[in-house]
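# Structural overview for review
Below are the chains, spelled out letter by letter.
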Amino acid sequence: MDKILVLDFGGQYNQLIARRVREMEVYAEIRSYNGVTMEDIVRSGYSGIIFTGGPNSVYDPESPHFDPAILDAGIPVLGICYGAQLITWMRKGTVRSAENSSEYGRTILYAKESVLFENIPAASICWMSHTDFISEPPHGFTVTATTDKCPCAAMASDDERIYAVQFHPEVTHTEYGRTILSNFIFNVCHCRRQWKMDDFIETSISRYRDELKDRKVLLALSGGVDSSVAAALLARAIGSDLTCVFVDHGLLRKNEADMVEQIFRNSFDLNFIRINAQKQFLDSLRGISEPEAKRKVIGEQFIRAFEEASSLIGKTDILAQGTIYPDVIESGQGASATIKSHHNVGGLPSIMSFEKIIEPLRNLFKDEVREVGIRLGLPAELVYRQPFPGPGLAIRVIGEVTEEKLALLREADAIFRAEIEACENREQFSQYFAVMTPIRTVGVMGDARTYGYTIALRCVTTDDFMTAEWTRLPYDLLERSASRIINEVKGISRVVYDITSKPPGTVEWE
Ligand code: XMP
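Here the structure is a predicted model, which means the values were calculated and not measured. (Residues numbered from 1 in each chain as written. Predicted model: local features only at pLDDT ≥ 70, side-chain atom pairs only at ≥ 80, totals over all residues. Heavy atoms only, no water.)

### Quick notes on the overall build of the protein chain
Using the following cut-off: Each helix corresponds to a stretch of at least 4 residues labelled H or I by DSSP, and each strand to a stretch of at least 2 residues labelled E; elements are numbered beginning at the N terminus. Only protein chains enter the area calculation, which uses a 1.4 Å probe; residues under 20% of their type maximum are buried, those over 50% are exposed, and those in between are partly exposed. Note on definitions: a residue-residue contact is assigned when non-hydrogen atoms from the two residues lie within 4.5 Å. When charges are counted, neither His nor the chain ends are considered; positive counts come from Lys and Arg and negative counts from Asp and Glu. To locate a charge, the coordinates of NZ of Lys, CZ of Arg, CG of Asp or CD of Glu are taken.
Looking only at helices and strands, the protein chain features 15 helices and 20 strands. With the principal axes as the frame, the protein chain shows a C-alpha extent of 80 × 60 × 40 Å. Counting only residues that meet the buried cut, the protein chain has 55% of its 510 residues in that class. Taking all contacts inside the protein chain whose residues are at least 6 apart in sequence as the whole, residues at least 24 apart take part in 74%. Separation between the mean location of the 55 positive side-chain charges and that of the 70 negative ones in the protein chain comes to 4 Å.

What follows is the structure, given as structure tokens:
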């Protein structure tokens, strides 16, 4: 299969570059500049290499560099931002730093005729973010674009198939960014469109069918997108040799546990074990109100639940996990499989030892995982689920968790989610839920005084959950949600809306 290497020099958009390439149905993988050698690259047979941006200055000895011989390997290269300056440095051109030449944000790009700029107008908008700039291109390169401040916003050495752009074609603010990347991938690297999810599914199924023949595989199913899609894919490959263990800790949202069970029992030929551990989890949470202490108790209870499961299942050799590509990249190229296994399933007991761990989704981005899920027949409500924390509603009931508070929270949360999901532009809302506060306040309903709990509603908009903005929800949606919650959930007498962004707040309250 034709593939592109995204050689990562620490830029903030590296994953985005790989996703853009894959959107064009060409496989792209990200490797860190210090995790791969020139020989590895040549041996791997990439059709092209993209050098990413990075926060450094090329003349700083601490900044990431790479063997300049990579430019002589005959593989087409596109350098972006820092990557463009690195090419200049490798080939002995000049990069300079000047405050008055720095550009941030939307900038007009004046493009000349070049294979990279085919089908884009002579003037268009690009996205810049740099202080250093290429003041003198290396020998053999011609300037192919400029901006008002930047004498070399792009350069090319057509004979060698080496290209460089100072701006970021991968971000949507660059008007013709996709066209520029597509020109590089198809007109320079001559890649074929061979990365298709249907093929991925077929290849994975036949591969696992051979590789796992007569082996027993265990998968800890959380009901989240990744583990559900991994389960669906493996079920198609090995059927009832796959056992999915789903721990119902009683901290899931309204009807959630039943939905997960129904989907997996009815649509897939696999062994599904639901461990009903509500009582154990709730008993062990009694009297505990500190958030980290709750998380710890829940982690321990997960281990107990798996111990119980292991006595039901018997021996399994292989553990399957829903690790996805961003997890692999973020954990330093996937060196930490064991750490992830604990992270993903909330802890597996040490008595369960496995010969092997398989991660069928480890090369996929989240949007690709979702596409695979839909193609395998999982319902949209599961595949497009918003993130839900492992400790579940235990960290949304502030303070001590009781059955009564969980029940009130589940109802209020279901109403709020239903109201949001009926909203037209709900894709802008990244995560939304209700929080059960310990505050009781006085209210009046009909002629009677009430004294019930306060529910807080939370909705945030974010790309990566590292930072988040509180969402400016329409007033009528908030009003409808509050009025329905107070009228329909007996025991709630007040509803408030959280307008804290992250930072300084976090998304969850605990
Ligand atoms: P915070 O609250 O840290 O949340 O701003 C960021 C994202 O992470 C989720 N989250 C968790 N997920 N276990 C999880 O699996 C946890 O303990 C946990 N705490 C927060 C949160 O829902 C949000 O999407």
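### Some details on the packing of aromatic side chains
Just so we agree on the cut-off: Whether two aromatic rings pair depends on their centres lying within 6.5 Å, for rings of Phe, Tyr and Trp, where Trp uses its six-membered ring; planes under 30 degrees apart make the pair stacked, over 60 edge-to-face, and the rest tilted. We call a charge positioned above a ring when the Lys NZ or Arg CZ atom is no farther than 6 Å from the ring centre and deviates by at most 35 degrees from the ring normal.
This structure, assessed with the given rule, holds 11 aromatic pairs. Ring geometry for F9 versus Y33: centroids 5.6 Å apart, planes at 25 degrees, classification stacked. Taken together, the residues span a long stretch of sequence, with F9 in the loop between strand 1 (3-8) and helix 1 (14-23) and Y33 in the loop between strand 2 (27-32) and helix 2 (38-44) at a distance of 24 residues. Residues Y325 and F365 carry aromatic rings whose centres are separated by 5.3 Å and whose planes lie at 75 degrees to one another, so their mutual orientation is edge-to-face. Of this pair, Y325 sits in helix 10 (residues 325-330) while F365 is found in the loop between strand 16 (356-358) and helix 12 (366-375), placing the two residues 40 residues apart along the sequence. A relative accessible area of 2% places F365 in the buried class. Counting every residue linked through ring pairs, the aromatic cluster contains F9, Y33, F51 and Y82. Here the basic side chain of R396 rests over the ring of F433, its NZ or CZ set 3.7 Å away from the ring centre.

### Quick look at the site of the ligand
Filter applied, for reference: Any residue with a heavy atom lying within 4 Å of a molecule or strand is counted as near it. Polar contacts, as counted here, are pairs of nitrogen or oxygen atoms within 3.5 Å of one another; within protein the pair requires one atom able to donate a hydrogen and one able to accept it, and residues that are adjacent in sequence qualify only if both atoms are side-chain atoms. Using a 1.4 Å probe, accessible areas were evaluated by the Shrake-Rupley method; residue-level cover was limited to the displayed protein chains. Note on residue categories: nonpolar means Ala, Val, Leu, Ile, Met, Phe, Trp, Tyr, Cys or Pro, charged means Asp, Glu, Lys or Arg, and polar means any other residue, Gly included.
Around the ligand lies a shell formed by R295, P387, P389, G390, P391, Q431, F465, K502, T506, V507 and E508. A distance of 2.7 Å separates an oxygen atom of the ligand from a polar atom in the side chain of K502. Here the ligand loses 70% of its free accessible area of 500 Å² to cover by the protein chains. Of the residues assigned to the shell around the ligand, the class counts are five nonpolar, three polar and three charged.

### Comments concerning the pattern of salt bridges
Counted only if it meets this: What makes a salt bridge here is a side-chain nitrogen of Lys or Arg within 4 Å of a carboxyl oxygen of Asp or Glu, nothing more.
Under the counting rule described, the total for this entry stands at 39 salt bridges. Of the charged contacts in the structure, one is a salt bridge between D2 and R192, with a shortest N-O distance of 3.0 Å. You can see D2 sitting in the segment before strand 1 and its partner R192 sitting in the loop between helix 4 (177-188) and helix 5 (197-211), a full 190 residues away along the chain. According to the relative accessible area criterion, D2 is buried, its value standing at 11%.

### Thoughts on the state of the cysteines
The criterion, for reference: Note that a disulfide, as used here, is simply two cysteine sulfur atoms within 2.5 Å.
For the coordinates displayed, the defined rule picks out zero disulfides. Here C423 stays unpaired: no disulfide links it, and the sulfur of C459, its closest cysteine neighbor, is 9.0 Å away.

### Brief notes about helix 5
Note the threshold: In this analysis, the expected span of each helix is defined as 1.5 Å times one less than the number of residues it contains. As used here, the arc is the angular range of directions from the helix axis to the C-beta atoms.
End to end, helix 5 covers 20 Å across 15 residues, agreeing with the expected 21 Å (1.5 Å per residue, within 8%). What helix 5 keeps buried is the set M197, F200, I201, S204, I205 and Y208. Viewed along the axis of helix 5, the buried residues span an arc of 125 degrees, placing them on a single side of the element. Away from the buried face of helix 5 by more than 90 degrees, exposed residues E202, T203 and D210 are located. Buried residues belonging to helix 5 abut helix 6 (225-238), strand 16 and helix 12.

### A few points about the environment of T506
Counting through the fold element by element, T506 comes out in the segment after strand 20 (492-497). Residue class for T506 comes out partly exposed when judged on its relative accessible area of 47%. Through-space distance from the C-alpha of T506 to that of M466 is 8.9 Å; in sequence the pair is 40 residues apart. One polar contact links the side chain of T506 to the main-chain carbonyl oxygen of E508, over a distance of 2.6 Å.

### Some thoughts on the packing of helix 8 (residues 278-285) against helix 9 (residues 291-313)
Our working definition: The axes are straight lines fitted to the C-alpha atoms, using for helices just the contacting stretch, and the angles between their N-to-C directions are given from 0 to 180°. Throughout, the term roughly parallel applies to angles under 35 degrees, roughly antiparallel to angles over 145, roughly perpendicular to angles from 65 to 115, and oblique to all others. Handedness of a helix crossing follows the sense of rotation of the near helix relative to the far helix, less than a right angle counterclockwise being left-handed and clockwise being right-handed.
Two elements in contact, helix 8 and helix 9, have axes whose closest approach is 10 Å; the angle formed by their N-to-C orientations is 150 degrees. It follows that helix 8 is roughly antiparallel to helix 9 by the angle criterion. For the pair helix 8 and helix 9, the crossing hand works out as right-handed. Contact residues: helix 8 offers Q280, F281, S284 and L285, while helix 9 offers K294, V297, I298, Q301, F302 and E308. For the contact of helix 8 with helix 9, the class distribution of residues is five nonpolar, three polar and two charged.

### Thoughts on unusual backbone geometry
A cis amide bond, omega -10 degrees, links K502 with the succeeding residue P503. Tracing the chain through its elements places P503 in the segment after strand 20. The residue C81 is not glycine, and still its phi comes out positive at about 55 degrees. Relative to the elements of secondary structure, C81 occurs in the loop between strand 4 (77-80) and helix 3 (82-90). You will see that N119, though not glycine, has its phi angle at about 65 degrees, which is positive. Position of N119 relative to the elements: it lies in the loop between strand 6 (103-111) and strand 7 (123-130). The exposure class assigned to N119 is exposed, which follows from its relative accessible area of 67%.

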